[in-house]
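# Topology and contacts: notes
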Amino acid sequence: MTIFSLTEAELRERRSLKWRTYDADVLPLWVAEMDAAVQPAVRRELDAALDRGDTGYPWGTDYADAYRASAVARWGLKLDPGQLRRGGDVMNAVVCVLETVTDPGDGVVITAPVYPPFWQVTSGYRRRTVAVALTPQGRLDLNALEQAFAAPDVTAFLLCSPHNPTGTVHTAAELAAVATLCAAHGVRLVVDEIHAWLVDPGAAFVPILSIPEAQQAVVAVSAGKSWNLAAFKAGLYVAGEQALDVLDDLPPLAQQSTGHLGALAHATALHEEQAWVDQVRSEVAANKQLLSDLLHALLPSVEYRPQPGTYLAWVDCTALGLANPARHFEQTGRVAFSPGRNFSPEHQQWVRINLATSPAIITAAVERMAASLRR
Ligand SMILES: Cc1ncc(COP(=O)(O)O)c(C=O)c1O
C-alpha cells in the first residue's frame, strides 16, 4: 500500500487550508498538511464515536497513556503518568507554558529560521523574541545560544525538535549541551516535539526528556503532525522530573481545551497506527531523494540538502536572482510553497516545500518551477 497516492482531483475536493487558500490552478505544497487518507483504525474509532453520538467532553488518560507507550516503544523513554497533562493543541500548550515560566517583557530565545508561530507566541504575547540563527548547516549554534542566554532578561528557550523548517534532527550531545547551558543561566527549556515520529528510516530522534541534564524541560507534543490529525485538536504537556511544578502552575483552562474526538483520534493513532507512520517515513525519504534529483536536473542552481527530520524541504533559491521566489513560483509557476521570510527575515530567498504528497505532485511542482523561469 502506498500512502501518498491520492490524485490531485481527489485532493481538490478537500475544504482545508492547504487546498482552499490558492486559486484552483495553483498546486499547493505549502502548509504542513499531508495528502494522505485517514488511517483505518482512526477512521473506525471516529465512526464508532459518531455512531454513539459521543460528542461530549474528553475523559480519562488514554491519550497520555498512548503517548507513554509510544515513547517507550520507539525511544526507550519511560515517563511517569504524573509527568503528563492534556492540552488543547501544541501551540496552545506552548503559549500556556511560556505564560507560566516567563513574565511579560522577558526575552524568549528561538532559533531562526523557525516555524512562524514561534515568533507569534513570543512577541505576540508580550515577550521579547530573541532570535538566534542556526548555523549554515542548520545546527544549534551553542556559542551564540550561550551569549543569548546570558542576557539577564532571557528566561526561556523555545526549541523545535526535530526542527521545522530545516529538518534538522538534534543529537543527544547537542541537546545535553543546550540543557546544561539553560540550567547554568536559569533559562527554562521548552521543547516542541510535534515532529518527533517523522524522521527518515535510519535516523534517530532523541526526546529531550531522555537527556539526564534536561529534566527541567517542558515538552509540548501531539500525534497531530505525524498522523495528520490537525483537524482533531488535542495536545499534551510532558514535564521533566524537575519541572512538575510547571504543570501545577499552568494558567486556568490550559488543560481544558482538548477536543474529545481529538483525544480519541490521537490515542488511537498512537496505539494502533505506528506502522502507518513508518510507511510515511519511507515514502517521505524517497520523496526527498526525488526532489533532490528533480532540482538537480531541472534547476541545478537551486540548493537543497535533504535532512532526516520531517516531511518539509528547506530550499535555497538565492542563485535564481528572483526578488521574491515564493511569490514568483505562485504567480508565474502556479505552484505554492511556504515563503522563507515567514520563518526568518533573513530567508527571503528560500522556500519550504511540503513533501507529504505523491511523487506525481512533486514532479509537477518542480516542472512548474522550471517552466516559470523560462517565461
Ligand atoms: C513545530 C510545529 N509546532 C506546532 C504545530 C502545530 O500544532 P498544533 O496544531 O497542535 O498547534 C506545527 C504545525 O505544522 C509545527 O510544525
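Residues numbered from 1 in each chain as written. Predicted model: local features only at pLDDT ≥ 70, side-chain atom pairs only at ≥ 80, totals over all residues. Heavy atoms only, no water.

Attention now goes to the pattern of salt bridges. Overall, the coordinates contain 15 salt bridges when judged by the stated rule. Salt-bridge contacts for Arg12 lead to Glu8; the nearest nitrogen and oxygen are separated by 2.9 Å. In this structure Glu8 comes out as partly exposed when scored by relative accessible area, which is 30%. When the shortest N-O distance is used, the salt bridge between Arg43 and Asp47 registers 3.8 Å. You can see Arg43 and its partner Asp47 sitting in helix H3 (residues 40-51), four residues apart, about one turn around the helix. We classify Asp47 as partly exposed; its relative accessible area is 36%. The network of salt bridges with shared partners includes Asp23, Asp25 and Arg334. (Salt bridge = Lys/Arg side-chain N within 4 Å of Asp/Glu carboxyl O. Buried < 20%, exposed > 50% of the residue type's maximum accessible area, 1.4 Å probe, protein only. Helix = DSSP H or I, 4+ residues; strand = E, 2+ residues; numbered from the N terminus.)

What follows is about the packing of aromatic side chains. Evaluation of the coordinates by the stated rule reveals 10 aromatic pairs. Both rings, one in Tyr22 and one in Trp30, keep their centres 5.5 Å apart while their planes meet at 85 degrees; by these two values the pair is edge-to-face. Considering the side-chain rings of Trp75 and Phe205, the 5.1 Å spacing of their centres and the 70 degrees angle between planes classify their relative orientation as edge-to-face. With Trp75 in helix H4 (residues 62-75) and Phe205 in the loop between strand S6 (188-192) and strand S7 (218-221), this pair connects stretches of sequence that are 130 residues apart. Like Phe205, Trp75 is buried. Linked through ring pairs, Tyr67, Trp75, Trp197, Phe205 and Trp227 together constitute an aromatic cluster. (Phe/Tyr/Trp six-rings, centres within 6.5 Å; stacked < 30°, edge-to-face > 60°.)

This paragraph deals with the packing of helix H7 (residues 142-149) against helix H8 (residues 172-185). It is at 10 Å that the axes of H7 and H8 come closest, and there the two elements cross at 20 degrees. As far as their axial angle goes, H8 and H7 are roughly parallel. Of the two possible hands of crossing, H7 and H8 adopt the one that is right-handed. Only Glu174, Ala177, Val178, Leu181, Cys182 and His185 of H8 make contact with H7, whose side of the interface consists of Leu142, Leu145, Glu146 and Phe149. Here the contact of H7 with H8 is composed, by residue class, of seven nonpolar, one polar and two charged. (Axes fitted to C-alpha atoms, helices over the stretch in contact; angles between N-to-C directions. Parallel < 35°, antiparallel > 145°, perpendicular 65-115°, else oblique. Left-handed = near helix turned anticlockwise from the far one by under 90°. Contact = heavy atoms within 4.5 Å. Nonpolar A, V, L, I, M, F, W, Y, C, P; charged D, E, K, R; others polar.)

So, about the domain arrangement of the chain. Entries for the chain in the domain assignment read domain 1 (8-38 + 274-374) and domain 2 (44-272). The C-alpha-based centres of domain 1 and domain 2 are spaced at 25 Å. Contacts between the two partners involve 27 residues from domain 1, matched on the other side by 33 residues from domain 2. For the pair domain 1 and domain 2, the two sides together bury roughly 2,500 Å², of which 55% comes from carbon and sulfur. (Domains from an automatic or database assignment. Buried area = accessible area lost by both parts, 1.4 Å probe.)

Below, the discussion takes up the sheet that holds strand S3 (residues 107-112). Taking strand neighbours across the sheet as the criterion, the seven strands line up as S2-S8-S7-S6-S5-S3-S4 in an open arrangement whose pairing is mixed. What marks the edges here is a single partner per strand, and that holds for strand S2 (84-87) and strand S4 (128-133). Adjacent strand axes in the sheet meet at a mean angle of 25 degrees when their direction is disregarded. Bridge count between S7 and strand S8 (residues 235-239): four bridges; the pairing is antiparallel. What sits directly across from Val219, in S8, is Val238. Against the sheet, H4 touches S2, S7 and S8, its axis set at about 60 degrees to S8. Running at roughly 175 degrees to S6, helix H5 (residues 90-101) makes contact with S3, strand S5 (154-160), S6, S7 and S8 of the sheet. (Pairing = 2+ DSSP bridges.)

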